[in-house]
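# An overview of the molecular structure
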Amino acid sequence: MTTLLLIGGLVLYILLYFIYGKKLEKIVCCTEENEAPSRTFYDGVDYIPAQKPVLFGHHFASIAGAAPIIGPVLAMAWGWAPAILWVWIGNVFMGAVHDYLAIMASVRYQGKSIQFVATDIISPRTGYTFYWLVFFLLILVIGAFGAVITGMFIHDPSVASSYLFIILSALLVGVMMYRLQWNFYLSTLIGIILLALSLYGGIILPITLNWNTWIIILFFYIIIAASIPVNILLQPRDYLNSWLLYAGLVIGGIAALFSFHELTVPAFTSFAPIISHGKPTPFWPAIVLIIACGSLSGFHSLVGSGTTSKQIDKETDVLPIGYGGMLAEGLLSTIVIIAIAGFGYGLLKNADPSLSINAWAQQYTPMMMEHYPKAAMFTHSYAQMVDSSFLRFIPQKIITVLAGMWVASFALTTLDTSNRLARYTISEMLKPMKNSMEGLYNVLTHKWIASVIPAAIGMWLAWSKNFTVLWPSFSTANQLIASIALLTGTMWLRKKIKAERVNIALIPALLLWITVTGAIIWFGIFVMPSTIADDPVTGIIVLAIEIIMFILNIVFITDFIKNYKVRTYED
Amino acid sequence: MKIKFLASFKNILKDFDRHNKSQATDLLEYELEEMEYVFATLVYSSFIGIPGIPEFVAFELLPCMETELATFEQKNENADDMLADLFSKLSFE
């Protein structure tokens, strides 16, 4: 059954890529005749035409991370069928369309970012809305991912020490590649050997610390990692991580295909199982907050309109890179769902025999958080899946640590990257203050102070261990950005392309906007009061962020509706 | 054996030749690049406040710098549009 599900997903993706994706390409009037910005503005630095497979690799490594793994783990409370359906449908009709339109609009805008397009096409306010949303998102990312990593490190101390060794290896590889300028292939080979040694080193030398100690260590780590030059740690580590991602995906894909296991988790449990903060969580609208990046993600519009659009060689490459890249990420989420659907029940039953299949909706989240917190549920299911295929000659412990490393290293990359980005965002957001309050502006945008502010708020949120509240609030910001980017894409289709069938983007964009707005309201009314009662500081910070995001959301949709009917100057 | 030795000797000599050629091309490329810089400085000298060629000559030469001008403009516009670039370069997510 696991095999059938994976084949089903593959067939669906391939079919819809050729049917729906090609149709979208036709609507955008994408042809090879239009010169891409990488050629028009070739400068040898940012604007460089890249080959399709190389750019696909770069784009995919940038968009694939820990988020599409953690979302589906939580969503299993609804059963595997709703989770996989949302991943598939959301992927093909929303996520991939969103990525495609963001990159394509950026390509036609000479490689400028999606917030620039939004500013130009909707209103200047929209550009600011982006900055604010991104800032809150980054704080919540630090909180949510800080909790994921800490949970992972405590549950599996080998992952913590392996990660420490990987940091050291990355520093070494960085020196080899950039300082000593050794041969690229030789450094890669040494890097992979060091990666394998780090895995083994982690297994024999686990580090055990408690929750608060890890949070403090992570707090200092992200401040330092966000302030040192990128080529010392970040670039070589990302490079090593991409090998980890490919190894994890290949092993997982093969195992899912050849494990021939029954799906033990129920297909559907209840419309409103217990997920967020012990509250019944309705499938609609909360699903967007739970699965988040597995189905569609607002980050992709930023990533895609950043460097990807500047390196597109031909307009026709956008379909495989943008649309195809998102489907590949959906496949990653599908593997996660298959792993847990096949092996999650057995794992939890072993940990706690009182688990009953009929009470899955009520028992899954509390038990999962107790025995296999967040990503650990995936790493153990994944290891069991590999063990049940012909790859069982690899010791299960190694696979568990490999999967743990996969999640932890991506989550950690995201963590320090978000702190670095938050630093830049603060200086962008405060620009209007520059002339009126120069002194305060200089203090707040100082390198170290701007690093400490988001790190401190984020880590304070993680300190509370309130993961089932932090995750949905992080997703709120992410999905809001996605809905704004998709609406921007729609507006671009209408105003610049003058497409007749704008509905291909407008309908999913509005559906997404309504769902996300509904989800924010549900979250604010049903989940936040009890969170504030249990943990006032976290509750109030999260609620304040949610309220501001809700207001920004309303401001944005008002601007969108106002501008939708307005004719452009060229008309 | 003798032929093999001669062949490898010939190869070594050829390598010398190849090396010299590549060094010469590198030098030429370097010179070209430097000359481009000098040319740009000449044409744009008034931009950076150094005494330069007469303006009418600069205007006549300006069309040769069309691509560079477009790149300048592009870089200038992108300087205020950094967020997506950073997200992408730092491989966020």
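Residues numbered from 1 in each chain as written. Chains lettered and ligands numbered in written order. Predicted model: local features only at pLDDT ≥ 70, side-chain atom pairs only at ≥ 80, totals over all residues.

### Structural notes on the packing of helix H22 (residues 503-534) of chain A against helix H23 (residues 536-564) of chain A
Residue and element names in this part refer to chain A. Convention followed: Here the axes come from fitting lines to C-alpha atoms, over the contacting stretch only for helices, and the angles between their N-to-C directions go from 0 to 180 degrees. Here a helix means four or more residues in a row that DSSP labels H or I, a strand means two or more in a row labelled E, and each is numbered from the N terminus. Our angle categories are set so that under 35 degrees counts as roughly parallel, over 145 as roughly antiparallel, 65 to 115 as roughly perpendicular, and the remainder as oblique. Each crossing gets its hand from how the near helix is turned against the far one by less than a right angle, where anticlockwise is left-handed and clockwise is right-handed. A residue pair is marked as a contact if its C-beta atoms, positioned from the backbone, fall within 7 Å. Amino acids outside the nonpolar list (Ala, Val, Leu, Ile, Met, Phe, Trp, Tyr, Cys, Pro) and the charged list (Asp, Glu, Lys, Arg) are all regarded as polar, and Gly is one of them.
Axis separation between H22 and H23 bottoms out at 10 Å; the angle between their running directions is 160°. Classified by the interaxial angle, the pair formed by H22 and H23 is roughly antiparallel. Seen from above, H22 lies across H23 with left-handed handedness. Along the contact surface, H22 presents Trp513, Thr517, Ile520, Phe523, Gly524, Met528, Thr531 and Ile532, while H23 presents Pro536, Thr538, Gly539, Ile540, Val542, Leu543, Glu546, Met549, Phe550, Asn553 and Ile557. Its residues placed into classes, the contact of H22 with H23 shows 12 nonpolar, six polar and one charged.

### Examining helix H5 (residues 80-108) of chain A
All names here are of chain A. What counts, and what does not: To estimate how far a helix should extend, the number of its residues minus one is multiplied by 1.5 Å. Neighbour counting defines burial: a residue surrounded by 20 or more other C-beta atoms within 10 Å of its own C-beta is buried, one with 12 or fewer is exposed, and intermediate counts give partly exposed, using backbone-placed C-beta atoms.
With 29 residues, H5 should cover 42 Å at 1.5 Å per step; its first-to-last C-alpha distance of 40 Å lies within 8% of that length. Counting buried residues in H5 gives 26 out of 29 residues, a clear majority hidden from the surface. One or two steps after H5, the chain reaches Gln110, where phi turns positive at roughly 60°.

### Things to note about the packing of helix H3 (residues 52-63) of chain A against helix H13 (residues 299-311) of chain A
Residue and element names in this part refer to chain A. Closest axis-to-axis distance for the H3/H13 pair is 10 Å, and the angle between their directions is 160°. Accordingly, the angle class assigned to the pair H3 and H13 is roughly antiparallel. Considering how the two elements wind past one another, H3 and H13 form a crossing that is right-handed. Contact with H3, carried on its side by Leu55, His59, Ser62 and Ile63, involves His300, Val303, Gly304, Thr308 and Gln311 of H13 and no other residues of that element. In the contact of H3 with H13, the residues fall into three nonpolar, six polar and no charged.

### Observations regarding the nonpolar core
Residue and element names in this part refer to chain A. The condition is simple: Joined through C-beta atoms within 7 Å, a set of buried Ala, Val, Leu, Ile, Met, Phe, Trp, Tyr and Cys residues constitutes a nonpolar core.
If you look at the biggest cluster of nonpolar residues, it comprises 200 residues, and the most contacted ones within it are Ile340, Phe378 and Val407. Sorting elements by how many residues they give to this core places helix H14 (residues 318-351) first, with 19 residues. Among residues more than four places away in sequence, those in contact with Val407 are Ala66, Ile69, Met152, Ala375, Phe378 and Thr379.

### Let's talk about the environment of A:Ile399
Residues and elements named next belong to chain A. Within the secondary structure, Ile399 sits in helix H17 (residues 396-429). With 24 C-beta atoms counted inside 10 Å, the residue Ile399 sits in the buried group. It is 34 Å that separates the C-alpha atoms of Ile399 and Ala272, two residues lying 127 residues apart in sequence. With sequence-adjacent residues up to four places away left out, Ile399 is seen in contact with Tyr382, Ala383, Val386 and Ile394.

### Examining the environment of A:Leu194
Residue and element names in this part refer to chain A. Tracing the backbone shows Leu194 in helix H9 (residues 184-204). A count of 19 C-beta atoms within 10 Å places Leu194 in the partly exposed class. Residues within four places of Leu194 in sequence aside, it is in contact with Ser169 and Leu172.

### Topic: the interface of chain B and chain A
Tallying the contact residues gives 16 residues for chain B and 34 residues for chain A. Looking at the side of chain B that touches chain A, the elements that each hand over two or more residues are helix H3 (66-78) and helix H4 (83-89) of chain B. In terms of residue count, H4(B) provides more of the side of chain B that touches chain A than any other element does, seven residues in total. Looking at the side of chain B that touches chain A, its residues break down into eight nonpolar, four polar and four charged.

### What to know about H13(A)
Residue and element names in this part refer to chain A. The condition that has to hold: A residue's bend is the angle separating two fitted axes: one through the seven residues that end there, the other through the seven that start there.
With 13 residues, H13 should cover 18 Å at 1.5 Å per step; its first-to-last C-alpha distance of 18 Å lies within 8% of that length. In H13, a bend of some 40° at Ser305 exceeds every other bend along the element. Burial analysis of H13 places 13 of its 13 residues in the buried class, which makes it a mostly covered element.

That's the geometry; what it means functionally is another story.
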